[in-house]
Amino acid sequence: MTSLYIATFGSFSGFSAVFALLIRQLYGKFEGAPDPLAFAYLGPLVGSLLRVAFGPLADEVGGA
């Protein structure tokens, strides 16, 4: 279970962190637009906080 959890949550964290880089590469830098890499930490941060906050609730109702 530990390896499954690390694989699934680790991939989620990685994908959400690299999403800002993907946006920057696909759309380039527009004048006056914020740098998406400055906000790349928000995806893993929000996911981690939500897991901590609602994980026990999900475990009580079956985990799905």
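Everything discussed here concerns the structure shown above.
Everything numeric here is computed off the predicted structure, so don't read it as measured data.

Draft legend 1. Quick peek at the packing of helix H1 (residues 2–27) against helix H2 (residues 42–60). Contact geometry of H1 with H2 gives a least axis separation of 7 Å together with a crossing angle of 145°. Contacts from Tyr-5, Phe-9, Phe-12, Ser-13, Ser-16 and Ala-17 of H1 reach H2 at Gly-43, Pro-44, Gly-47, Ser-48 and Arg-51. The residue makeup of the contact of H1 with H2, split by class, is five nonpolar, five polar and one charged.

Draft legend 2. Structural view of the side chain of Ser-16. Counting through the fold element by element, Ser-16 comes out in helix H1. Classification of Ser-16 as buried rests on a relative accessible area of 19%.

Draft legend 3. Region of the structure containing the environment of Thr-8. Within the secondary structure, Thr-8 sits in helix H1. Along the primary structure Thr-8 and Phe-19 are separated by 11 residues, whereas in three dimensions their C-alpha atoms are 17 Å apart.

Draft legend 4. Structural context of a nonpolar patch on the surface. A surface patch of nonpolar side chains, amounting to about 890 Å² of accessible area, comprises Phe-39, Tyr-41, Leu-42, Leu-45, Val-46, Leu-49, Leu-50, Phe-54 and Leu-57. Tracing the sequence through the fold places Leu-57 in helix H2.

Draft legend 5. Representation of H2 within the structure. Taking 1.5 Å of rise per residue, 19 residues should cover 27 Å, and H2 covers 27 Å from first to last C-alpha, within 8% of that figure. Taken together, the buried positions of H2 are Pro-44, Gly-47 and Gly-55. Buried positions along H2 lie against H1. Immediately downstream of H2, the backbone of Gly-62 shows phi near 115°, a positive value.

Draft legend 6. Spotlight on H1. With 26 residues, H1 should reach 38 Å at 1.5 Å per residue; the first-to-last C-alpha distance of 37 Å fits that figure. At Phe-19, H1 is bent by approximately 30°, the largest bend along its length. Burial in H1 covers these residues: Ser-13, Ser-16 and Ala-20. Looking at the packing, one finds that the buried side of H1 touches H2. Phi turns positive, to about 70°, at Gly-28, one or two residues after H1.

Reading the values: rules and limits
Residues numbered from 1 in each chain as written. Predicted model: local features only at pLDDT ≥ 70, side-chain atom pairs only at ≥ 80, totals over all residues. Heavy atoms only, no water. Axes fitted to C-alpha atoms, helices over the stretch in contact; angles between N-to-C directions. Helix = DSSP H or I, 4+ residues; strand = E, 2+ residues; numbered from the N terminus. Contact = heavy atoms within 4.5 Å. Nonpolar A, V, L, I, M, F, W, Y, C, P; charged D, E, K, R; others polar. Buried < 20%, exposed > 50% of the residue type's maximum accessible area, 1.4 Å probe, protein only. Patch = residues over 30% accessible without salt bridge, like charges linked within 9 Å, V, L, I, M, F, W, Y side chains within 5 Å. Areas by Shrake-Rupley, 256 points an atom, 1.4 Å probe, with all protein chains shown as cover. Salt bridge = Lys/Arg side-chain N within 4 Å of Asp/Glu carboxyl O. Expected span 1.5 Å × (residues − 1). Bend = angle between axes of the 7 residues up to and from the residue.

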